[in-house]
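Spelled out, the chains give:
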Amino acid sequence: MCRLGSPGCRTRAGEGPGGAEPSRNSAAPPPPRLPSACPQLPASGCALGRRTGLVSEPLPADSLPRRPQRAPSASALHAAGAEPPILWGLASVFSSRTSRKSASRAGNDSAMADGEGYRNPTEVQMSQLVLPCHTNQRGELSVGQLLKWIDTTACLSAERHAGCPCVTASMDDIYFEHTISVGQVVNIKAKVNRAFNSSMEVGIQVASEDLCSEKQWNVCKALATFVAHREITKVKLKQITPRTEEEKMEHSVAAERRRMRLVYADTIKDLLANCAIQDDLESRDCSHMVPAEKTRVESVELVLPPHANHQGNTFGGQIMAWMENVATIAASRLCRAHPTLKAIEMFHFRGPSQVGDRLVLKAIVNNAFKHSMEVGVCVEAYRQQAETHRRHINSAFMTFVVLDADDQPQLLPWIRPQPGDGERRYREASARKKIRLDRKYIVSCKQTEVPLSVPWDPSNQVYLSYNNVSSLRMLVAKDNWVLSSEINQVRLYTLEDDKFLSFHMEMVVHVDAAQAFLLLSDLRRRPEWDKHYRSVELVQQVDEDDAIYHVTSPALGGHTKPQDFVILASRRKPCDNGDPYVIALRSVTLPTHRETPEYRRGETLCSGFCFWREGDQLTKVSYYNQATPGVLNYVTTNVAGLSSEFYTTFKACEQFLLDNRNDLAPSLQTL
């Protein structure tokens, strides 16, 4: 909100630009055979001792220039229906911005955290020279081989933090920006963003380097989840202590990404159940359609000791490489050309496989859009003596395009699905394409590129909620807040960053954190202490943690019309000790509440409350707001000390909490 009292950040007239742990399954891939000049990995798989020989001095994240022009243009990707190379989770695994010094650290510690002297203790780097044995028929690095290297590096980072063997549990969406040619170098960097009970989120960045021209460019980014595993004792991971601003952002947002992973399967089910998926099967020219059955591929692989770690579990990267192989064959059977893999959708390993297992990999083209196609891959495992009893190991969906000599996507033949399951897969592919577009539009774009009010519908509600909370967490994690004023222990901080002026108010109240969280999370009670909230209507209770409100506010800044807002309020309980309670607010649009002549429609980009427990019946309450040009005059008047309205409203909030802290005994039992 642009002012503490007002829910809006700008008006259209002034607008400017926790849960269950993943199951154990497979671990990191076997090391590739390297020339004698390169360091070899021990044969023990992803054991802790494999860390040596892989670590190199870290390169500054901002040393990577833009990718060469041979990469497909954004317009080409858009025409192909394939998403741009962006990362699930706000594309923030490794920020290119230099981390600022932490205000909480002094002297040498700050200098080390901000400069080259500091290195994340979980960081692992791998550099590989691309040889002919690593490439496909076009002389480019095979994506399967790259996935093996990614998984190996990420697993070593996870094991460095856990101090014990780790296995791959899941991999988030991967978008490939650039191909890598033979003779170039692949540089992979991985570090643990956050540790939970026995699982960890590992962020991976892949860059390529041309040794002759000295050019470097980004290839892809990824997020993987690893589970620590010991045979005898249960693992309880130590927590990550973030030091730089970048690490604090990743640590904070990782909890929200984990929450979204846990509901990912339900999100797809709900979309398929509640939304009508349109198709044009009846209108297509069947004479130019390829039967889906012609693209079906089935292949079997015997898991040998080189494919597994010292515990006998198959490397996750090896399974991913085999899956990419059969998917490429299926895609080639449709287009009769050499396709290029552009994206892999998030997937989970459902269980482990061991040495001696036979893995059956099945692939088929589910749907062909104008310039892209989705290939579904399924992996099942069985032992020699029990072939009829197969275990489902993994399923994944991969998006392919066919590029011409100018790296432009070519038109693809239509696919004719088989009746029954084939038609079901065809329609589900359309649903997944919509979900990918929602993730691109809401989750993965830079915050300054996302429209303030995004349309709300059942297919994107999970991603809007994620964006709402993660944006606030990232704002909170910034280091360079400046104390502007302090009146009676109420502090006002400001932050000028990314063309936005942000502020936050902070005070300590004698109320339990859970009580303050419950009292302020219901916006219908806000008019009791905030005079800028004239009325609040609950429009939709989306779920336990998310609700949409219609808010009206008095006129401000010389305008004669009052304002109204449609606000999504997302609340989150702490994930770990030390985490705050969070109430995040942002604007959305609803077809039932369109802009009307009697109100000026206001919007808010990022605002909300955080509550930290400071002791028994003692809570630090902080309100954050990212203002935009439409209300800068109001904000700067308070920041400059020419108005005390911020202070007055925040003290009224404190009194509201004190007066009502004893009204919530039944509700507190559920927190």
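Residues numbered from 1 in each chain as written. Predicted model: local features only at pLDDT ≥ 70, side-chain atom pairs only at ≥ 80, totals over all residues. Heavy atoms only, no water.

To be explicit about the condition: UniProt positions are given in the numbering used here, feature names are shortened, and annotations may be inferred rather than shown by experiment.
The name that an unreviewed UniProt entry assigns to the protein is Acyl-coenzyme A thioesterase 11, with the source organism given as Macaca mulatta. A UniProt comment under Function (unreviewed entry) is attached to the protein, and it reads "Has an acyl-CoA thioesterase activity with a preference for the long chain fatty acyl-CoA thioesters hexadecanoyl-CoA/palmitoyl-CoA and tetradecanoyl-CoA/myristoyl-CoA which are the main substrates in the mitochondrial beta-oxidation pathway." Quoted verbatim from the Pathway (unreviewed entry) field of the UniProt record, the comment on the protein reads "Lipid metabolism; fatty acid metabolism."

### Concerning the overall build of the protein
Rules: Only DSSP runs of H or I with at least four residues qualify as helices, and only runs of E with at least two residues qualify as strands; both kinds are numbered from the N terminus onward. Here, Shrake-Rupley sampling with a 1.4 Å probe gives the accessible areas, and only protein chains in the shown set may cover a residue.
Each helix and strand in the protein was counted, giving 12 helices and 26 strands. Approximately 27,700 Å² of the protein is accessible, and the part contributed by carbon and sulfur atoms is 50%.

### Concerning the packing of helix 4 (residues 245-262) against helix 8 (residues 461-477)
Let me state the cut-off plainly: A fitted line through C-alpha atoms represents every axis, and for helices the fit uses only the stretch in contact; the resulting angles, taken between N-to-C directions, go from 0 to 180 degrees. For classification purposes, an angle smaller than 35 degrees is called roughly parallel, one larger than 145 roughly antiparallel, one from 65 to 115 roughly perpendicular, and anything else oblique. Left-handed describes a crossing whose near helix is turned anticlockwise from the far helix by less than a right angle; the clockwise case is right-handed. Residues are treated as being in contact if the distance between any of their heavy atoms lies within 4.5 Å. When residues are sorted by character, Ala, Val, Leu, Ile, Met, Phe, Trp, Tyr, Cys and Pro go into the nonpolar class, Asp, Glu, Lys and Arg into the charged class, and all the rest, Gly among them, into the polar class.
One can describe the packing of helix 4 onto helix 8 by two numbers: an axis separation of 9 Å at closest approach and a directional angle of 160°. As summarised for this structure, helix 4 and helix 8 are arranged roughly antiparallel, according to the angle between their axes. Relative to helix 8, helix 4 is oriented so that their crossing is right-handed. On helix 8, the residues touching E245, K248, M249, S252, V253, E256, R257, R259 and M260 of helix 4 are V462, Y463, S465, Y466, V469, S470, R473, M474 and A477. Across the contact of helix 4 with helix 8, the residue classes break down as nine nonpolar, three polar and six charged.

### Looking at the pattern of salt bridges
Side-chain pairs of opposite charge can arise where the charged atoms are in close proximity. Formally: One side-chain nitrogen of Lys or Arg within 4 Å of one carboxyl oxygen of Asp or Glu is enough to make a salt bridge. Partly exposed residues are those whose accessible area sits between 20% and 50% of the maximum for their type, while under 20% is buried and over 50% is exposed, using a 1.4 Å probe and protein chains only.
Scanning all chains against the criterion turns up 33 salt bridges. A salt bridge links R572 to E256, with the shortest nitrogen-to-oxygen separation between them at 2.8 Å. Here R572, found in strand 22 (residues 563-572), pairs with E256, found in helix 4; they are 316 residues apart in sequence, far enough to count as distant. R613 is the partner of D512 in a salt bridge, and the nearest nitrogen-oxygen pair spans 3.3 Å. Note that D512 is positioned in the loop between strand 19 (500-509) and helix 9 (513-521) and R613 in strand 25 (residues 607-615), a separation of 101 residues in sequence. Owing to a relative accessible area of 15%, D512 belongs among the buried residues under this scheme. Through salt bridges with shared partners, one network takes in D172, E201, E250, R257 and R261.

### Notes on the packing of aromatic side chains
To be explicit about the condition: Pairs were defined over the aromatic rings of Phe, Tyr and Trp, the Trp ring being its six-membered one, requiring ring centres within 6.5 Å. Orientation was assigned from the angle between planes: stacked under 30 degrees, edge-to-face over 60, tilted for the rest. Any Lys NZ or Arg CZ that is within 6 Å of a ring centre and within 35 degrees of that ring's normal is treated as a charge sitting over the ring.
Summed over the entire model, instances satisfying the criterion amount to nine aromatic pairs. An angle of 80° between the planes, with centres 5.8 Å apart, marks the rings of F347 and F349 as edge-to-face. F349 sits in the buried class, given a relative accessible area of 2%. On the numbers, 6.4 Å between centres and 80° between planes, the contact of F517 with F611 is edge-to-face. Of this pair, F517 sits in helix 9 while F611 sits in strand 25, placing them 94 residues apart in sequence. Taken individually, F517 and F611 each receive the classification buried, so the pair is uniform in this respect. Put simply, the rings of F503, F517, W529, Y581, F609, F611, Y623 and F646 touch in pairs and so form one group of aromatic residues. R432 extends its terminal NZ or CZ atom over the ring of F397, reaching a point 3.6 Å from the ring centre.

### Remarks on the sheet that holds strand 3 (residues 166-171)
As a reminder, the rule being used: Whether two strands pair depends on DSSP finding at least two bridges between them.
Strand order in the open sheet formed by six strands is 2-5-6-7-3-11, and the pairing between neighbours is antiparallel. The open sheet has two edge strands, strand 2 (124-129) and strand 11 (347-348), and neither has a second partner. Here strand 5 (residues 185-195) runs beside strand 6 (residues 199-209); their pairing, made up of 10 bridges, is antiparallel. Within strand 6, the residue paired with A195 across the bridge is M200. Lying on the sheet, helix 3 (residues 143-162) is in contact with strand 2, strand 3, strand 5, strand 6 and strand 7 (216-228); it crosses strand 5 at an angle near 40°. Sheet contacts for helix 4: strand 3, strand 5, strand 6, strand 7 and strand 11; angle to strand 5, the most-contacted strand, approximately 75°.

### Overview of the pairing of strand 3
With respect to burial, strand 3 is a largely interior element, six of its six residues being buried. Pairing geometry for strand 3 and strand 7, over five bridges, is antiparallel. If you follow C166 over to strand 7, its bridge partner there is A228. Sheet analysis places strand 3 next to strand 11, joined by two bridges and oriented antiparallel. Bridge pairing links S170 to H348 in strand 11.

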